[in-house]
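Summary of structural features
Here is how the chains run, residue by residue.
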Amino acid sequence: VVVVLAIMSIYSLTIAVTKLIQIKRSTNATRKFAPQLSRAIMDDNLELAIQLSEKHKIGHIARVLGGALSEMKPLISDKATITAADINSSERAIERQMLIQLSEFRRGLGVLGTVGSTGASGGLAGISAGIAEALITTAFGLLVAIPAVWFYNYFTTKIENLSVEMTYASKELIDQLIKNVGAAAGRSIFTKEFQAQKAVTGSGHLHG
């Protein structure tokens, strides 16, 4: 049991460290990218927004908006050609990229959850052995389970926060595209829900 727990511990810590590095790199890149993107969007400079998203591909917001901006790139030179259909297409591209990005962030969390529950139960199973062995096995099991559960909860909360960042950034971009169209016809359900949420929170801007 102890050998199995040791293997699980090493595996879960490897995943945790890898996940920490991944999120840290993405967060640092986004911290530099978000304020620049926000200014570009507020200044109605979509050309600059595209350049920024292509430059900061490591960040989660850049990766999510990159697909939508790439689809809009052929239309940027003549904003009058941007239609409601183009905006809806951009929204779908954003939603696809968000699903992909969230899936990458969540990869490995299932292992941490499994190690956390298995480590605890594996340690307690040692009670059936001798008292001394049971105490050692139980302590080792908890030593494996507690970090795994802590990391699982930490990453779950962190990914939820990153998801909010991506959602607000995406809808800020869509709002600006709608202003370029200048027609209520371009306002989709996706954006209507955001406007209602923004009215409650009082903010829809990016935060770096």
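Everything quoted here is computed from the prediction, not taken from an experiment.

This prediction gives the protein a mean pLDDT of 74; 70% of its residues lie at or above 70. Within the protein, the element-level pLDDT minimum falls on helix α7 (residues 189-201), averaging 50, and the maximum on helix α1 (residues 2-42), averaging 85. In this model, residues 183-191 is a region of pLDDT below 50 whose contacts with residues beyond four sequence positions or in other chains number 18 contacts.

This part takes up the packing of α1 against helix α4 (residues 84-106). When two helices pack together, their arrangement is given by the angle between their axes and by how far apart the axes lie. Where α1 contacts α4, the axes come no closer than 10 Å and their chain directions differ by 140 degrees. Taken as axis vectors, α1 and α4 run oblique relative to one another. Of α4, the residues touching α1 (which contributes K19, Q22, I23 and S26) are E104, F105 and R106. Of the residues belonging to the contact of α1 with α4, the class tally is 2 nonpolar, 2 polar and 3 charged.

Counted by the stated rule, this structure contains 4 aromatic pairs. Aromatic side chains F151 and F155 sit 5.9 Å apart centroid to centroid with 15 degrees between the ring planes, which places their arrangement in the stacked category. Placement of the pair is F151 and F155 together in helix α6 (residues 131-181), with a separation of 4 residues, close to one helical turn. By the burial criterion, F151 is buried, and F155 matches it. Chaining the aromatic ring pairs together yields one cluster made of W150, F151, Y154 and F155.

Its place among the elements puts T27 in helix α1. In terms of polar contacts, T27 uses its side chain to reach the backbone carbonyl oxygen of I23, at 2.7 Å. Setting aside anything within four residues of it in sequence, one finds T27 in contact with H60, K158 and L162.

Basis of the calculations
Residues numbered from 1 in each chain as written. Predicted model: local features only at pLDDT ≥ 70, side-chain atom pairs only at ≥ 80, totals over all residues. Heavy atoms only, no water. pLDDT = per-residue confidence, 0-100. Helix = DSSP H or I, 4+ residues; strand = E, 2+ residues; numbered from the N terminus. Contact = heavy atoms within 4.5 Å. Axes fitted to C-alpha atoms, helices over the stretch in contact; angles between N-to-C directions. Parallel < 35°, antiparallel > 145°, perpendicular 65-115°, else oblique. Nonpolar A, V, L, I, M, F, W, Y, C, P; charged D, E, K, R; others polar. Phe/Tyr/Trp six-rings, centres within 6.5 Å; stacked < 30°, edge-to-face > 60°. Buried < 20%, exposed > 50% of the residue type's maximum accessible area, 1.4 Å probe, protein only. Polar contact = N/O pair within 3.5 Å; in protein donor to acceptor, adjacent residues only side chain to side chain.

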